[in-house]
Amino acid sequence: MKGIFITCSVCAGLTVSGLGQESLDSNLRINGKRTLEVFSPQQEVIQNISALVYRGYKRVAYGVIMSEDGYILTKASELEGRSVLAEASGEESEIKPLPPLTIRIGDGVLYEDVKVVKVDARWDIALLKVEASGLTPVQFVEDPEPSHGSVVIANGASSRHLRRIKMGVVSAHTRKITGPTLVVMGVGLEEKDGKLFIKSVTKDGAANEAGLRAEDQIIQADETPVAKRDELIEVLMLKNPGDELKVKYIRGDKKASCVVRVMARPIANGAAPVNRNDSMSGRFSRRRDSFPRVMQVDVSMDDRSCGGPLINLSGQCVGLVIARANRAETFAVPAEELKEVYKNLMENK
Amino acid sequence: MKQRYNWSCLMLFLGFALGGSHSLARLDFNEKSTPDSIEEIKAIEAALKTHLERTRQATVCITNGQGFGTGVIVSKEGLVMTAAHVTAGVDKEFKVIMEDGTEYEAKSLGLDSETDAALLKITEKKEFPFVVVEDKPQSRMTTRLGDWVYSLGHAGGFDKARGSVVRLGRIVRLNHASATLQSDCKLIGGDSGGPLFNMEGILVGIHSRVGVVLDQNMHVASYDFFKPDKDGVKKWDRLLASEFLGLGPFAQRPVKGGGFIGVAVEEVEEGLKITDLDETAPAHEEGVLVGDVLLSINGEEMKTKKALVDFLKQRTVGEKIHLKLNRAGEIKEYTVALVQR
């Protein structure tokens, strides 16, 4: 048995005519036009509370309208726009600037002055601001989180004026998604005799700048005593790029401390498929792991359609679509955590 | 889209659940080409929620340690329906992982390498949660085009914190001739062999393969497992009897005569005396010694070299055989797995 099963073959071999062969009109499929007509009240909510975020002419994300005067939350790591970034980096030695971010709200009202106020790298959420008034902000769900099998609605194909929708269901347990840390100190680590040592220090890295050296023994990160790599990683998981990390260490027989300004781990550009499932998954998100807590749904999004609201049948927001993980899995930040993230971003802007 | 109303009332639903009750009317939302109110969407949601937990308990991850697939328990003794390309052979050992992480040993039974159907049996003696199966293609309750369905599976492998993944969709293609269903429940690697349920929580398909487009998700119709052959023998009985059916492509038939035991023999009065042993061969590894006299294999007497050669011709790589030998008056018995020559 090699790898994961499901043989991938193109089903075009099925003939349209022939005995016993019938095909359902595409308008009637789960996200077909006719099927979705029944959701007009939910479509209206999505029309009002979701924004379209463009980088130049290309839509890079949707957004969730949080306030009447134009505070919007969206997915941070797609804001640069993959293909736009590729165009901008070009072949000339001069780096072309990225085209500006613009936002459309409601029936197509264009906002050209978009400020990226602050980014929460841990949740991959950006707080944007446009100068607006009278917008319809999102209403959050009051009940506990929707259970397994609950129907949810998200942004579907959209034009400047019209937000279409897509339906799906909550499809797995809400949980933490592990993954690499979002920030790095610039060290190689080694566990020896129940202690944590720095094995190597990256030349231009944060640890080097802070004065850490190979063979230093790390004993504390912020307020947490550490003796294992995993314990240090737990603390790093809570940091955003540019944050300070207080490190206590032993060099020789002396105890000392320093402050490390952690840096962003570079996210692979273009999100190349890493396994067979990725190859079946179309365009998935660049950042699709290392989330503290996500809800999982089966709504099929892609890399340019994250960042918008996920609502229930009553039109209340149950989350923000944060990542297209693969063909079968889409993640959303649950409403409770989203409210916290918003509060923190607003307080610290 | 035409509605076919099959009033022949041939069979009421028959499954493995004794006393399982199902409504005799088809669900309202399946009678319309598309739901025409939010109430009907809510009815679909309610139906899903009613059956989800129970059907998840019977959905298992299947692994041999290297890859993962999914299966579904269809009898309380632990009979599991899955895909042929998951088991890939008869009488092979697997582990089955339940939703809560508990693992059980299992063995593959028969398979149909052309339709991708297979059975597996959990060897532990206990009662398991199980689901009811749609076993007949022509009945009032049969799956039809446009029916709402949901799929479960261990997409990407077993993840205890996540559990199996549910997806909602509709039947978008039906092919009675090949007994396949296509739905828009998006499947991915790891889902193979997993269950497709209708909105009454009855098993209607087993996941087989996907196409490039998101709504190309192919399932073996559950009734394929029960198809009678031209002699009227039900496939189910042949699968239970561990038969390898078909010539692929979903599994490769083991080649007979490829199995190697690694002994040289000379005929003696009571059997075949072993005159040489290949050092790397399984017989040597298990403890057979030069000088041992082979009396029988699998209970069959071995008196001539030809008998041994003929016997081995019928065996395949990986097959286990039971040797009975005489070592200076003492009877020795060994089980040896044949290897590739």
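Everything numeric here is computed off the predicted structure, so don't read it as measured data.

## Some points on the sheet that holds strand β7 (residues 109-111) of chain A
Residue and element names in this part refer to chain A.
Thought 1: Strand order in this open sheet of seven strands is β7-β6-β3-β4-β5-β9-β8, and the pairing throughout is antiparallel. On the outer flanks of this sheet lie β7 and β8 (115-120), each paired with one strand and no other. The mean inter-strand angle of the sheet, taken between neighbouring strand axes irrespective of direction, is 30°.
Thought 2: Pairing geometry for β8 and strand β9 (residues 125-129), over five bridges, is antiparallel. For D120, the partnering residue across the bridge sits in β9 and is I125.

## Section: the pairing of β9(A)
The side chains of a regular strand alternate between the sheet's two faces.
Residue and element names in this part refer to chain A.
Thought 1: With five of its five residues buried, β9 lies for the most part within the structure.
Thought 2: Sheet analysis places strand β5 (residues 71-75) next to β9, joined by five bridges and oriented antiparallel. Paired with Y71 across the strands is K129, a residue of β9.
Thought 3: From the end of β8 to the start of β9, which pair antiparallel, there are four residues, and D124 there has a positive phi angle of about 60°.

## Looking at the environment of A:V114
All names here are of chain A.
Thought 1: Of note, V114 is situated in the loop between β7 and β8.
Thought 2: We classify V114 as buried; its relative accessible area is 14%.
Thought 3: In this structure, the C-alpha to C-alpha distance between V114 and Y342, residues 228 residues apart in sequence, is 17 Å.
Thought 4: Look past the residues within four positions of V114 in its chain and what remains in contact with it is L101, T102, I103, L128, K129 and V130.

Cut-offs applied
Residues numbered from 1 in each chain as written. Chains lettered and ligands numbered in written order. Predicted model: local features only at pLDDT ≥ 70, side-chain atom pairs only at ≥ 80, totals over all residues. Heavy atoms only, no water. Pairing = 2+ DSSP bridges. Helix = DSSP H or I, 4+ residues; strand = E, 2+ residues; numbered from the N terminus. Axes fitted to C-alpha atoms, helices over the stretch in contact; angles between N-to-C directions. Buried < 20%, exposed > 50% of the residue type's maximum accessible area, 1.4 Å probe, protein only. Contact = heavy atoms within 4.5 Å.

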